[in-house]
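Here's the letter readout for the chains.
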Amino acid sequence: MQALGRAAARDGDCYLAGGATAVLIGWRSTPIDVDLRLEPEQDEVLRALPRLKEELTINVELASPADFMPLPRAWRERSPLVEREGRLSFRHFDLYSQALAKLQRGHARDLEDVGEMLARGLVETAPLRACFEEIEPDLYRFPAVDPAGFRRRLEEFLV
């Protein structure tokens, strides 16, 4: 975060997702990779990523729930600040969006992560269901998503 913050030429947000969130909040000791989304994208930060990946021997992906599904309204407002480094504010990508993206994907590790989010009170079942219902009409925009299967996985998980 310090190196990316130093690389930024102007103010912006860096949204962290997946393993980065799991490690920073504390239910995982190391990430498989670091998923992030920059707003706005900055060439200086993007150019710093390959060097950082090499130095830290970690995979960095420009990926977030927005790449896999529609986002619920107010996702930015629900993206808690981690810290500010240089010109960048680092935030956890909206935990409800992360939980939905993990449920949509459905891998064992993803489901474990959603279980941790629920157990730690980071997400709650009623708002999670409400966020799904909000995005459900727009799932057609993501042809790889099976809306009925996604709903079924959500309901089975929340029982």
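Residues numbered from 1 in each chain as written. Predicted model: local features only at pLDDT ≥ 70, side-chain atom pairs only at ≥ 80, totals over all residues. Heavy atoms only, no water.

**Student:** Can you walk me through the nonpolar core in this structure?
**Tutor:** The nonpolar side chains of a soluble globular protein tend to be buried with one another. Grouped together as the largest cluster of nonpolar side chains are 22 residues, with contacts concentrated most on Leu100, Leu128, Phe150 and Leu154. For this core, the secondary-structure elements that each account for two or more residues are helix H4 (95-105), helix H5 (108-119), helix H6 (125-135) and helix H7 (147-158). The biggest single contributor to this core is H4, with six residues. With residues near it in sequence (within four places) discarded, Leu154 still touches Leu100, Leu103, Leu128, Arg129 and Phe132. Ranked by size, the runner-up nonpolar core spans 18 residues in total, among them Val45, Leu52, Ile58 and Phe90. (Core = buried A, V, L, I, M, F, W, Y, C linked by side-chain atoms within 4.5 Å. Buried < 20%, exposed > 50% of the residue type's maximum accessible area, 1.4 Å probe, protein only. Helix = DSSP H or I, 4+ residues; strand = E, 2+ residues; numbered from the N terminus. Contact = heavy atoms within 4.5 Å.)

**Student:** Would you mind going over the side chain of Arg28 with me for this structure?
**Tutor:** Among the secondary structure elements, Arg28 is positioned in the loop between helix H2 (19-25) and strand S2 (33-39). Overall, Arg28 belongs to the buried group, its relative accessible area being 13%. A polar contact is formed between the side chain of Arg28 and the side chain of Asp113, at a distance of 2.4 Å. What Arg28 contacts, discounting residues up to four positions off in sequence, is Gly19, Ala22, Val23, Arg109 and Asp113. (Polar contact = N/O pair within 3.5 Å; in protein donor to acceptor, adjacent residues only side chain to side chain.)

**Student:** Explanation requested: the environment of Arg84 in the structure shown.
**Tutor:** Secondary-structure assignment places Arg84 in strand S4 (residues 81-85). The partly exposed category is assigned to Arg84, whose relative accessible area is 40%. Each C-alpha atom of the pair Arg84 and Met1 lies 8.5 Å from the other, and the pair is 83 residues apart in sequence. What Arg84 contacts, discounting residues up to four positions off in sequence, is Asp11, Gly12 and Ser89. A polar contact of 2.8 Å, which involves the side chain of Arg84, links it to the side chain of Asp11. A distance of 2.7 Å separates the side chain of Arg84 from the side chain of Ser89, its partner in a polar contact.

**Student:** Would you mind going over helix H3 (residues 43-56) with me for this structure?
**Tutor:** Each α-helix winds once per 3.6 residues, and so residues spaced three or four apart point in a common direction. The first and last C-alpha atoms of H3 sit 20 Å apart over 14 residues, in line with the 20 Å expected at 1.5 Å per residue. Its maximal kink placed at Leu49, H3 deviates by approximately 30°, while the proline Pro50 follows within four residues. All of the buried residues in H3 are Val45, Ala48, Leu49 and Leu52. Where H3 terminates, the next one or two residues include Thr57, which has phi positive at roughly 45°. (Expected span 1.5 Å × (residues − 1). Bend = angle between axes of the 7 residues up to and from the residue.)

**Student:** How should the sheet that holds strand S5 (residues 88-92) be read in this particular structure?
**Tutor:** What holds strands together in a sheet is hydrogen bonding between their backbones, with the strands either parallel or antiparallel. Read across the sheet, five strands follow the order S3-S2-S1-S5-S4 without closing on themselves; strand pairing throughout is mixed. Each having just a single partner strand, strand S3 (59-62) and S4 make up the two edges of the open sheet. Neighbouring strand axes in the sheet, compared pairwise and without regard to direction, differ in orientation by 25° on average. Sheet topology places S2 next to S3; four bridges connect them, and they run parallel. Within S3, the position partnered with Asp33 by the bridge is Asn59. The strands touched by H3 within the sheet are S2, S3 and S5, with S3 carrying the most contacts at an inclination of about 155°. (Pairing = 2+ DSSP bridges. Axes fitted to C-alpha atoms, helices over the stretch in contact; angles between N-to-C directions.)

**Student:** Any chance you could explain the environment of Ile135 here in plain terms?
**Tutor:** As for its placement among the helices and strands, Ile135 is situated in helix H6. Exposure remark for Ile135: the relative accessible area of 1% places this residue in the buried category. Separated by 36 residues in sequence, Ile135 and Ala99 place their C-alpha atoms 13 Å apart.

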